[in-house]
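The primary structure of each chain is shown beneath.
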Amino acid sequence: MMQIPEGNRQSNVDRFSGYKDLYDQHRPRAPREAVRILTGYLRHKPRLVLDVGCGTGLSTFAWKNDAETIVGIEPNDDMRSKAEEKLRALQAEDADAGRIRFLSGYSNKLEFPDDSADLITCSQSFHWMEPVSTLAEAARVLKPGGIFAAYDCDWPPSASWEAEQAYMELLNKADQLLKERQNKQDQAYKRDKESHLACIQQSGHFRYAREIVFHNRETCDSKRYIGLALSQGGLQTVIKLGFTELDDELERFQALVKDYFQDRTLETLFSYRMRIGIK
């Protein structure tokens, strides 16, 4: 499998700088179903969960009451600072928040001993990682019977078909614009999420692997739905670079979203795909 060049790896990290509040406000938190599925396969309360590529901690805090120790690992200082800010606020009112901490680090260089973790999770993040070295490192750190889990939300969440279509067109055009206008060494390297299961199976580190599909319902209004699109790294990079080619598409997308929601808050379906490997 192709390695991620060092320059592109740094671009992967830098891609998420500068919009931590927008990201944290609009992105979905890890659903309870993810915790239930993984705890069910593990068959006991995990002593140590490592949430790798944790961003602002949306997937880390989900384990607060379901694991003895939870460590969120995130190389982007900006994103991790938001997670630490939320943790400080939570510690002031909830003693269980002491189970959680955040560290700087990369998925293929985990500062943990062999056979020490029950679960290693990658929520919306495995596609930014070099899979061969990441899975080898996960297998080293996981206990026998431990679980590696990469799970992702399908974009976009449910709305009108017109709004969904405009959402995808906007993101695809952003990615294409970056390929055309950005220096190659500055481009982030994103793998196809559809390859996650094959990567786990072909790694040779896991005795069992499979994909699990599940859904979660959350409330959403037009502001959040638009914010979800704006929280995507490609579109944010276009905005940060000052490109204006997508201004008309963005305006059209916002109009379609507002027309669908009509100032209402609606129940919205978020669909997930989880790929697991059991050591």
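Everything in this summary refers to the structure shown in the same document. (Residues numbered from 1 in each chain as written. Predicted model: local features only at pLDDT ≥ 70, side-chain atom pairs only at ≥ 80, totals over all residues. Heavy atoms only, no water.)

**Some thoughts on the packing of helix 6 (residues 161–181) against helix 9 (residues 233–240)**
Just so we agree on the cut-off: To get an axis, a line is fitted to the C-alpha atoms, and for a helix only the part in contact is used. The angle between two axes follows their N-to-C directions and goes from 0 to 180 degrees. Counting from the N terminus, the helices are DSSP H or I runs at least four residues long and the strands are E runs at least two residues long. The labels follow the angle: roughly parallel below 35 degrees, roughly antiparallel above 145, roughly perpendicular from 65 to 115, and oblique for the rest. Crossings are classed by handedness, with left-handed meaning an anticlockwise turn of the near helix from the far one by less than a right angle and right-handed meaning a clockwise turn. A contact between two residues is defined here by any heavy atoms of the two lying within 4.5 Å. By the convention adopted, Pro, Cys, Tyr, Trp, Phe, Met, Ile, Leu, Val and Ala count as nonpolar, Lys, Arg, Asp and Glu as charged, and the other residues, Gly among them, as polar.
Interhelical geometry of helix 6 versus helix 9 gives an angle of 55° and a closest axis separation of 8 Å. Considering the angle they form, helix 6 stands oblique to helix 9. With respect to the hand of their crossing, helix 6 and helix 9 are arranged in left-handed fashion. In this structure, helix 6 uses Leu-170, Leu-171, Ala-174, Asp-175, Leu-177 and Leu-178 to contact helix 9, whose residues at the interface are Gly-234, Leu-235, Thr-237 and Val-238. The residue makeup of the contact of helix 6 with helix 9, split by class, is seven nonpolar, two polar and one charged.

**Here we look at the packing of helix 6 against helix 10 (residues 247–261)**
The N-to-C vectors of helix 6 and helix 10 enclose an angle of 160°; their axes lie 9 Å apart at closest approach. For the element pair helix 6 / helix 10, the angle class is roughly antiparallel. For the pair helix 6 and helix 10, the sense of crossing is left-handed. Taking contact as the criterion, the partners of Glu-162, Ala-163, Ala-166, Tyr-167, Glu-169, Leu-170 and Lys-173 in helix 6 are, on helix 10, Glu-249, Leu-250, Arg-252, Phe-253, Leu-256 and Val-257. Per-class residue counts for the contact of helix 6 with helix 10 are eight nonpolar, no polar and five charged.

**Concerning the packing of aromatic side chains**
Applicable threshold: Working definition: rings of Phe, Tyr and Trp (its six-membered ring) pair if their centres are within 6.5 Å, and the pair is stacked with planes under 30 degrees apart, edge-to-face with planes over 60 apart, and tilted otherwise. The buried label applies to any residue whose accessible area, calculated with a 1.4 Å probe on protein chains only, is under 20% of its type's maximum; exposed applies above 50%, and partly exposed to all values in between.
The full count for this structure, using the stated rule, is 10 aromatic pairs. The interplanar angle of 35° and the centroid separation of 6.3 Å between the aromatic rings of Phe-148 and Phe-206 together place this pair among those described as tilted. With a gap of 58 residues between them, Phe-148 in strand 5 (residues 142–153) and Phe-206 in the loop between helix 7 (196–203) and strand 6 (208–220) connect regions that are remote in the sequence. Each member of the pair Phe-148 and Phe-206 is classed as buried. Taken together, the ring pairs connect Tyr-167, Tyr-225, Phe-253, Tyr-260 and Phe-261 into an aromatic cluster.

The quantities given are spatial measurements derived from coordinates; they are silent on function.
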